[in-house]
Amino acid sequence: MNKNNYNVVGVMSGTSLDGIDLAYVNFTSSEGWSYKILAAETVPYPSEWQEILAEAVHYDDIRLKQLNDNYTQFLSEVISEFLSKNDIFEPDAICSHGHTIKHEPENGFTFQIGNLPALASNLGHTVVCDFRVQDVELGGQGAPLVPVGDELLFGSYDYCLNLGGFANISTKPNGERVAYDICAVNTVLNFLSQKTGAPYDMDGEIAASGELNEELFEELEKLPFYGLRPPKSLGIEWVSKYIFPLLERYENSIPSLLRTYTEHAAEIISNELRDTSEEKVLVTGGGAFNDFLIKEIQRRTKSEIIIPSAEVVNYKEALIFAFLGVLKLRGENNVMSSVTGASKDHSSGVIFFPKG
């Protein structure tokens, strides 16, 4: 399908469990790629799905298979409603990330639900999905995958920093694109905020009201992951194994835990910036709206922190997974080995066509 104009839907569900991001995007290729978001929406997860997805890492194979079927049906309904609401009748493809349940590249394993052929059959449209598995099979981390979009759509920035469930960064220090996960962000902040009855810490106000626990801050700094060289990636298993038990050892108030972890994340993130005033850092993901977190990052670096339009902040990942699908349809590489550590650049994902 090598043409110069594509209308596709990107679908992304992140580990923070905020909801499913959908973006209907037009991509055109002439001298480089350009994009226009035509429609976008976040569909919040119902509480029962939040609970299921949070617990699914502990499911056995039989329960995971049933969950995969059920989630694919749920995802089909969400996408169908989005298509109908926005009068999208003939998209070139639906490009879906699915939802990550387990990500263990060190064991040669990653698993995202919702990437079944039934998705194409239910929707009646071509589906491009399951973007991570092939990279892991080629020895890569299976993440991050967004840097291809950073390179081809947002290449004017020195860094692309995403503050979602995890913070990840993409940059070109020596003329070659590298990207990697930095630390957990909203997976931890939302977990703590929910203990106060709030779904998340609006503007970082709860964290700002707390006090820094220096002992906990220092313990967090010593986590071995931070000393690893890229490529490297994180999953919810890491948070469950290292972060949550550490937080539980302290009897601090939730505001103080939030402040300490927010400042910790800001410290770890700022350590990855080259710290010159000429450097421009594009910040997206839900954490871009956390004023306290952004202030703490900016306080620690000379680099210019740039927060784009709310549309780009909210839907950059859905936008880029739509773009990954376009590249897959064209048979072009959409994963960089310099980023993931795979044995070669490759065109990842599978294409499902509707029956009939």
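To start, this report covers the structure provided alongside it. Keep in mind it's a predicted model, so treat the numbers as computed, not measured. (Residues numbered from 1 in each chain as written. Predicted model: local features only at pLDDT ≥ 70, side-chain atom pairs only at ≥ 80, totals over all residues. Heavy atoms only, no water.)

This part covers the overall build of the protein. A tally of helices and strands in the protein yields 13 helices and 13 strands. On C-alpha atoms alone, the protein measures out to a radius of gyration of 20 Å, which is about the 21 Å that the 2.2 N^0.38 rule sets for 356 residues. If you line up the protein on its principal axes, its C-alpha atoms span 60 × 45 × 40 Å. Scored against the burial criterion, the 356 residues of the protein give a buried share of 56%. Sequence separation of 24 or more characterises 69% of the internal contacts of the protein that already satisfy a separation of 6 or more. Here the protein has roughly 15200 Å² of accessible surface; of this, 47% comes from carbon and sulfur atoms. Counting 27 positive and 50 negative side-chain charges, the protein places the centres of these two groups 4 Å from one another. (Helix = DSSP H or I, 4+ residues; strand = E, 2+ residues; numbered from the N terminus. Rg over C-alpha atoms; globule rule 2.2 N^0.38 Å. Buried < 20%, exposed > 50% of the residue type's maximum accessible area, 1.4 Å probe, protein only. Contact = heavy atoms within 4.5 Å. Areas by Shrake-Rupley, 256 points an atom, 1.4 Å probe, with all protein chains shown as cover. Lys, Arg positive; Asp, Glu negative; His and termini not counted. Charge placed at Lys NZ, Arg CZ, Asp CG, Glu CD.)

So, about the sheet that holds strand β9 (residues 166-171). Spatial ordering of the open sheet is given by β10-β9-β8-β11-β12, a layout of five strands whose pairing is mixed. Edge strands, defined here as strands with exactly one partner in the open sheet, are β10 (178-184) and β12 (304-306). Adjacent strand axes in the sheet meet at a mean angle of 20 degrees when their direction is disregarded. (Pairing = 2+ DSSP bridges. Axes fitted to C-alpha atoms, helices over the stretch in contact; angles between N-to-C directions.)

A separate point is the pattern of salt bridges. In this structure the tally under the stated criterion is 16 salt bridges. Across the pair K65 and D69 runs a salt bridge whose closest N-O atoms are separated by 3.6 Å. In this pair, K65 and D69 both sit in helix α2 (residues 61-85), four residues apart, roughly one turn of the helix. On the basis of relative accessibility, which here comes to 34%, the residue D69 falls in the partly exposed class. For E263, the salt bridge goes to R300, with nearest N and O atoms at 3.2 Å. Here E263, found in helix α10 (residues 254-270), pairs with R300, found in the loop between α11 (291-299) and β12; they are 37 residues apart in sequence, far enough to count as distant. For E263, a relative accessible area of 6% corresponds to the buried category. (Salt bridge = Lys/Arg side-chain N within 4 Å of Asp/Glu carboxyl O.)

When you tally the buried positions in strand β2 (residues 19-30), you get ten out of twelve residues, the bulk of the element. For strand β1 (residues 5-13) and β2, the ladder comprises nine bridges, and the chain directions are antiparallel. The partner of M12 across the bridge, within β2, is D21. Between β1 and the antiparallel strand that follows it, β2, lie five residues; L17 among them carries a positive phi value of about 65 degrees. Note that β2 and strand β3 (residues 32-44) share twelve bridges and pair antiparallel. Across the sheet, residue N26 finds its bridge partner in β3, namely K36. Between β2 and β3, which pair antiparallel in sequence order, lie one residue.

So, on to the sheet that holds strand β7 (residues 127-129). Strand order in the open sheet formed by six strands is β3-β2-β1-β4-β7-β13, and the pairing between neighbours is mixed. The open sheet has two edge strands, β3 and β13 (350-352), and neither has a second partner. On average, each strand axis in the sheet is inclined to that of its neighbour by 25 degrees, with strand direction left out of account. Of the strand pairs in this sheet, β7 and β13 are connected by three bridges, and their pairing is antiparallel. The residue of β13 that forms the bridge with V127 is F352. Against the sheet, α2 contacts β1, β2, β3 and β4 (93-96), and its axis sits at roughly 60 degrees relative to β2.

Turning to empty space enclosed by the protein, a few remarks are in order. Overall, the coordinates contain one cavity of 30 Å³ or more when judged by the stated rule. Roughly 40 Å³ of volume is contained in the largest cavity. P144, V146, P147, D150, C160, N162, N168, I169, S170, A179 and K316 are the residues that line the largest cavity. For the lining of the largest cavity, the secondary-structure elements that each account for two or more residues are α5 (147-153), β8 (159-163) and β9. For the lining of the largest cavity, the per-class residue count stands at six nonpolar, three polar and two charged. (1 Å grid on protein atoms, 1.4 Å probe; cavity = no way out; pocket = protein on both sides within 12 Å on 5 of 7 lines; lining within 4 Å. Points joined across faces, edges and corners; volume = space filled by probe spheres on them. Nonpolar A, V, L, I, M, F, W, Y, C, P; charged D, E, K, R; others polar.)

Bringing the packing of helix α8 (residues 214-221) against helix α9 (residues 236-248) into the picture now. For the pair α8 and α9, the least separation of the axes is 11 Å and the interaxial angle reads 165 degrees. Relative to α9, α8 is oriented roughly antiparallel. As for the relative orientation of α8 and α9, their crossing is right-handed in sense. On α9, the residues touching L216, E219 and L220 of α8 are I243, L246 and L247. In terms of residue class, the contact of α8 with α9 is built from five nonpolar, no polar and one charged. (Parallel < 35°, antiparallel > 145°, perpendicular 65-115°, else oblique. Left-handed = near helix turned anticlockwise from the far one by under 90°.)

In this structure, the second largest pocket spans a volume of roughly 570 Å³. Lining of the second largest pocket is provided by 22 residues; of these, L17, A54, F191, I236 and F244 occupy positions nearest its centre. Elements that contribute at least two residues to the lining of the second largest pocket include exactly α1 (47-55), β5 (99-104), α6 (186-193) and α9. When residues in the lining of the second largest pocket are grouped by element, the largest group, five residues, is from α1. Across the lining of the second largest pocket, the residue classes break down as eight nonpolar, eleven polar and three charged.

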